[in-house]
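Given next are the chains, with one letter for each unit.
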Amino acid sequence: MPATDLDHHWFKVNPSREYRQRRETPAEIAGWEVPPRPGFAAWCIIRRSDSASVSYAFPSDATWDVADEELAALFERLNEDKA
């Protein structure tokens, strides 16, 4: 999934960040082969350098903002799981 215009804008106003984590839009979730199970929300991490992203599900009541180092490690681990 390519990064959206809003993601590009977010990186522009947050120039020190290399990763962005956000909840996915309904249109993005519609592209999932298997939607998140009840009680879980769809999230994604976008990497600034190439606009690559990875999607995952996390409990719906979670609200968090994670440092780039943690997002980078999670991004890589989730991409390894796809291989």
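Above this text is the structure in question.
Worth saying up front: this structure is predicted, and the values here are computed from it rather than measured.

**A short note on the nonpolar core**
So, point 1. Of all hydrophobic cores here, the largest spans 12 residues; its members are Tyr19, Ala41, Trp43, Ile45, Val54, Tyr56, Val66, Leu71, Ala72, Leu74, Phe75 and Leu78.
So, point 2. Those elements that provide at least two residues to this core are strand E2 (40-47), strand E3 (53-59) and helix H3 (68-82).
So, point 3. If you tally residues by element for this core, the top one is H3, at five residues.
So, point 4. Beyond its immediate stretch of four places on either side in the chain, Tyr19 contacts Trp10, Phe11, Ile45, Ile46, Arg47, Asp68, Leu71, Ala72, Phe75 and Glu76.

**Here we look at the sheet that holds E2**
Strand pairing in a sheet relies on backbone hydrogen bonds, with the paired strands running either antiparallel or parallel.
So, point 1. Read across the sheet, three strands follow the order E1-E2-E3 without closing on themselves; strand pairing throughout is antiparallel. Both edges of this open sheet fall to strand E1 (19-23) and E3, since each of them pairs with a single strand only. For this sheet, the mean angle separating the axes of adjacent strands, direction not counted, is 25 degrees.
So, point 2. Where E2 and E3 come together, seven bridges link them in antiparallel fashion. Bridging across to E3, Ala41 finds its partner in Phe58.

**Some thoughts on unusual backbone geometry**
So, point 1. One non-glycine residue with positive phi stands out, namely Ser51, at about 60 degrees.
So, point 2. Mapped onto the elements of the fold, Ser51 is located in the loop between E2 and E3.

**Some details on the pattern of salt bridges**
So, point 1. Applying the stated rule across the entire model yields seven salt bridges.
So, point 2. Between Asp7 and Arg20 there is a salt bridge whose closest N-O contact spans 2.4 Å. Of the two residues, Asp7 is situated in helix H1 (residues 5-13) and Arg20 in strand E1; the sequence distance between them amounts to 13 residues. Side by side, Asp7 and Arg20 carry an identical accessibility label, which is buried.
So, point 3. Taking the shortest distance from any N to any O, the salt bridge between Arg22 and Asp7 comes out at 2.8 Å. You can see Arg22 sitting in strand E1 and its partner Asp7 sitting in helix H1, a full 15 residues away along the chain. In this pair, the class of Arg22 matches that of Asp7, namely buried.
So, point 4. Residues joined in a network through salt bridges with shared partners are Asp7, Arg20, Arg22 and Glu28.

**Here's the deal with the environment of Ala62**
So, point 1. Mapped onto the fold, Ala62 is located in the loop between E3 and H3.
So, point 2. Taking the relative accessible area as the measure of exposure, Ala62 reaches 11% and is therefore buried.
So, point 3. In the structure, Ala62 is positioned 21 residues away from Ala41 in sequence and 8.7 Å away in space, judged by C-alpha atoms.

Thresholds, definitions, all that
- Residues numbered from 1 in each chain as written.
- Predicted model: local features only at pLDDT ≥ 70, side-chain atom pairs only at ≥ 80, totals over all residues.
- Heavy atoms only, no water.
- Core = buried A, V, L, I, M, F, W, Y, C linked by side-chain atoms within 4.5 Å.
- Buried < 20%, exposed > 50% of the residue type's maximum accessible area, 1.4 Å probe, protein only.
- Helix = DSSP H or I, 4+ residues; strand = E, 2+ residues; numbered from the N terminus.
- Contact = heavy atoms within 4.5 Å.
- Pairing = 2+ DSSP bridges.
- Axes fitted to C-alpha atoms, helices over the stretch in contact; angles between N-to-C directions.
- Salt bridge = Lys/Arg side-chain N within 4 Å of Asp/Glu carboxyl O.

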